[in-house]
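Architecture at a glance
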Amino acid sequence: MTQKFELFPGVTLRTFADDRFKQGCLSLQIIRRQRAEEAAMNALIPTVLLRGCRSCPDLRSITNRLDELYGASVGTMVRRVGDYQATGLSCTFLDDRFAMDGDRILEPMLQFLGELLLDPLTEEGGFNRGFVSGEKKNLIATIESELNDKRAYAMGNLLRTMCKADSFGVPRLGDKESVAAIDATALYEHYQNILRTSPIELFYVGSAPAETVAALLKKMLAPIERSYIPIASQSAFQDAGSSHHTEDADVAQSVLCMGFASPITGASSDFASMQVLNTIFGAGMTSKLFTQIREKMSLCYAIGSGYYASKGIVTVSAGIDREQEQAVRAEVLAQLDACRRGEITAEELTAAKEALLSSLRGIHDSPASIESYYSTHTLSGTFRSPRQYMDEIRAVTSESVVAAAKTVRLHTTYFLRGAEK
């Protein structure tokens with residue numbers, strides 16, 4: 001169902017043929033290694049591009065142009081996939097089959113996307129200063145909003161601490177200080193450099209012939225003078241040693257975050273078993289952490305776990321009262337020990353597998369979800385088709401879950417300690 005085209009060195013198009021939808025979608029992502037020194041610039045670029053180009057120099061003219069294309073839309077993308085930061089633009093548009101009187105949407109849509117990418121509004125050798133200044137404020141506000149969410153703030157600090165020697169510890173959007181220091185001229189020069197040298201991944205979902213889409217995109221991107229520099233493949237977790245931190249904050253609810261490491265990643269043969277383990281352990285309302293620590297023991301307000309397959313990292317986050325830290329910490333470890341001992345009921349195993357299978361069944365429900373799954377799994381370097389992934393989930397046994405649990409070890413904790421009552 002998918003086809004792959006190398007349009008230029010380092011420029012790859014993947015297409016997914018599907019005629020079930022009235023809309024198609026296309027994403028264009030510039031792939032970079034996640035680095036502290038450029039993460040903020042990479043995150044800012046798509047928003048600046050979307051402020052205006054020479055043919056449409058403001059938001060009103062962009063809106064009018066999209067209205068002419070039957071209400072098409074263009075949005076920004078900033079993803080972190082393992083070691084990679086993927087930034088760019090995505091668009092959705094009416095499939096040509098549903099346009100009136102033989103109108104075409106795909107070709108003019110891609111032409112407009114090319115104008116946004118390759119003909120941005122510039123001044124004095126840099127991006128438009130007003131655009132950059134406004135989008136810097138917006139990006140700083142977004143970063144601050146994440147900092148104001150204390151669970152997100154604590155989890156971010158856990159990952160920065162745990163991954164201090166790994167790119168995975170670099171915030172997806174960079175930090176406020178880096179954003180504030182960005183200069184319009186330097187940003188434009190950086191954009192021109194990464195456009196020439198970086199891998200570019202495109203993904204199309206729709207009914208148009210793949211060869212037609214490839215030809216249109218090749219024409220669109222031809223003006224780029226490419227000097228492609230390959231980037232390193234995804235790497236294993238770079239472990240610089242465990243640590244445990246406590247930060248006092250003037251908040252009513254404390255947050256305990258715990259980071260665990262495992263050699264099992266998305267590239268491992270027992271990846272599906274780890275996914276099922278995480279679901280049994282803490283992902284969802286049927287998990288051990290939720291039913292035991294929150295419901296039965298009433299030790300927390302909220303609790304859950306996550307699994308970052310690219311690095312083999314399992315995290316737990318719990319909103320708790322200050323004085324419950326040691327009790328919650330001990331009980332989280334106790335529930336992991338229960339998984340290691342094989343104290344997993346048939347009902348828990350079935351519920352976990354069905355939750356994962358249900359999520360996978362929904363991948364093909366929309367062009368956007370198809371693009372998200374196939375693009376991120378391709379970038380991860382461990383692609384599995386949804387069907388293959390579902391088969392692996394169905395094959396998971398209690399014994400393989402126990403084996404996965406035995407590989408998980410506590411690595412780092414971060415406690416955001418609230419005020420005393």
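Quick look at the structure, then. (Residues numbered from 1 in each chain as written. Predicted model: local features only at pLDDT ≥ 70, side-chain atom pairs only at ≥ 80, totals over all residues. Heavy atoms only, no water.)

As a further point, take the overall build of the protein chain. The helix and strand tally for the protein chain stands at 15 helices and 13 strands. A compact globule built from 421 residues would reach a C-alpha radius of gyration of about 22 Å, and the protein chain, at 23 Å, matches this within 12%. Its C-alpha atoms put the protein chain at 65 × 45 × 35 Å along the principal axes. Within the protein chain, contacts between residues at least 6 apart in sequence are counted, and of these 80% link residues at least 24 apart. Summing over all exposed atoms, the protein chain offers an accessible surface of approximately 18,400 Å²; the carbon and sulfur share of this is 50%. Charged side chains in the protein chain number 45 positive and 51 negative. The centres of these two groups are separated by 3 Å. (Helix = DSSP H or I, 4+ residues; strand = E, 2+ residues; numbered from the N terminus. Rg over C-alpha atoms; globule rule 2.2 N^0.38 Å. Contact = heavy atoms within 4.5 Å. Areas by Shrake-Rupley, 256 points an atom, 1.4 Å probe, with all protein chains shown as cover. Lys, Arg positive; Asp, Glu negative; His and termini not counted. Charge placed at Lys NZ, Arg CZ, Asp CG, Glu CD.)

Before going further, it helps to examine the sheet that holds strand E4 (residues 73-81). Taken in spatial order, the six strands of this open sheet run E1-E2-E8-E3-E5-E4, and their pairing is mixed. The strands lining the two open edges of the sheet, one partner per strand, are strand E1 (2-8) and E4. Strand-to-strand twist of the sheet, defined as the mean angle between neighbouring strand axes without regard to direction, takes the value 20°. Note that strand E3 (residues 23-33) and strand E5 (residues 84-94) share 11 bridges and pair antiparallel. (Pairing = 2+ DSSP bridges. Axes fitted to C-alpha atoms, helices over the stretch in contact; angles between N-to-C directions.)

Its volume calculated, the largest pocket comes out at about 1,200 Å³. Together, 47 residues line the largest pocket, and Arg80, Phe168, Tyr307, Tyr308 and Ser310 are the ones closest to its centre. Of all elements in the fold, only E4, helix H4 (129-148), helix H5 (150-162), helix H6 (176-180), helix H9 (271-281), strand E11 (302-308), helix H12 (346-361) and helix H13 (367-380) reach the threshold of two or more residues within the lining of the largest pocket. The dominant element in the lining of the largest pocket, judged by the number of residues it contributes, is H5, at seven residues. Across the lining of the largest pocket, the residue classes tally to 22 nonpolar, 17 polar and eight charged. Approximately 310 Å³ is the volume attributed to the second largest pocket. In terms of lining residues, the second largest pocket is bounded by 18 residues, among which Tyr84, Pro199, Glu201, Tyr228 and Ile231 are the most central. Every element with two or more residues in the lining of the second largest pocket is listed here: E1, strand E2 (11-17) and H13. Sorting elements by how many residues they give to the lining of the second largest pocket places E2 first, with three residues. (1 Å grid on protein atoms, 1.4 Å probe; cavity = no way out; pocket = protein on both sides within 12 Å on 5 of 7 lines; lining within 4 Å. Points joined across faces, edges and corners; volume = space filled by probe spheres on them. Nonpolar A, V, L, I, M, F, W, Y, C, P; charged D, E, K, R; others polar.)

What follows deals with unusual backbone geometry. A positive phi angle is found at Asp101, which is not glycine, with a value near 55°. With respect to the helices and strands, Asp101 occurs in the loop between E5 and helix H3 (106-118). The backbone phi angle of Ser298 is positive, close to 55°, even though this residue is not glycine. Note that Ser298 resides in the loop between helix H10 (288-296) and E11. Using a relative accessible area of 55% as the deciding quantity, one classes Ser298 as exposed. (Buried < 20%, exposed > 50% of the residue type's maximum accessible area, 1.4 Å probe, protein only.)

For the structure on display, the rule yields 11 aromatic pairs. Here the aromatic rings of Phe271 and Tyr389 are separated by 5.5 Å at their centres, their planes lie at 35°, and the arrangement is tilted. With Phe271 in helix H9 and Tyr389 in helix H14 (residues 386-394), the pair connects residues that are 118 residues apart, well separated along the chain. Considered together, Phe271 and Tyr389 belong to a single accessibility category, that of buried residues. Taken together, the aromatic side chains of Phe16, Phe203, Tyr373, Tyr374 and Phe383 make up a single cluster linked through ring pairs. Here Arg80 stacks its cationic end above the ring of Phe168, 4.3 Å away from the centre of that ring. In this structure, Lys218 is placed above the aromatic ring of Phe8, and the distance from its NZ or CZ to the ring centre is 5.7 Å. (Phe/Tyr/Trp six-rings, centres within 6.5 Å; stacked < 30°, edge-to-face > 60°. Lys NZ or Arg CZ within 6 Å of the ring centre and 35° of its normal.)

With that settled, the discussion passes to the sheet that holds E11. A sheet is described by the order of its strands in space; here five strands give the open sequence E9-E13-E10-E12-E11, paired in mixed fashion. The sheet is open, and its two edges are formed by strand E9 (243-248) and E11, each paired on a single side. Looking at each pair of strands side by side, their axes are set apart by 15° on average, direction ignored. Sitting on the sheet, H5 is in contact with E9, strand E10 (254-261), E11, strand E12 (313-320) and strand E13 (409-417), with an inclination near 140° to E13. Where H10 meets the sheet, it contacts E11 and E12, and its direction lies at approximately 155° from that of E11.

Relative to each other, helix H1 (residues 39-49) and helix H7 (residues 184-197) sit at 95°, their axes nearing to 10 Å. As far as their axial angle goes, H7 and H1 are roughly perpendicular. Residue-level inspection shows Met41, Asn42, Leu44, Ile45, Val48 and Leu49 of H1 in contact with H7, the latter providing Leu187, His190, Tyr191 and Ile194. (Parallel < 35°, antiparallel > 145°, perpendicular 65-115°, else oblique.)

Taken as a whole and assessed by the stated rule, the structure comprises 29 salt bridges. In this structure, Arg79 and Glu371 form a salt bridge, with 2.7 Å as the shortest nitrogen-oxygen distance. On the criterion of sequence distance, the pair formed by Arg79 in strand E4 and Glu371 in helix H13 is long-range, its members being 292 residues apart. Residues Arg79 and Glu371 agree in their burial class; the two are buried. Residue Glu348 pairs with Lys288 through a salt bridge whose shortest N-O separation is 3.2 Å. Here Glu348 is found in helix H12, whereas its partner Lys288 is found in helix H10, with 60 residues between them in sequence. Among the residues examined, Glu348 registers a relative accessible area of 17% and is labelled buried. Overall, Lys288 belongs to the buried group, its relative accessible area being 7%. (Salt bridge = Lys/Arg side-chain N within 4 Å of Asp/Glu carboxyl O.)

All we've got here are geometric facts, nothing functional implied.
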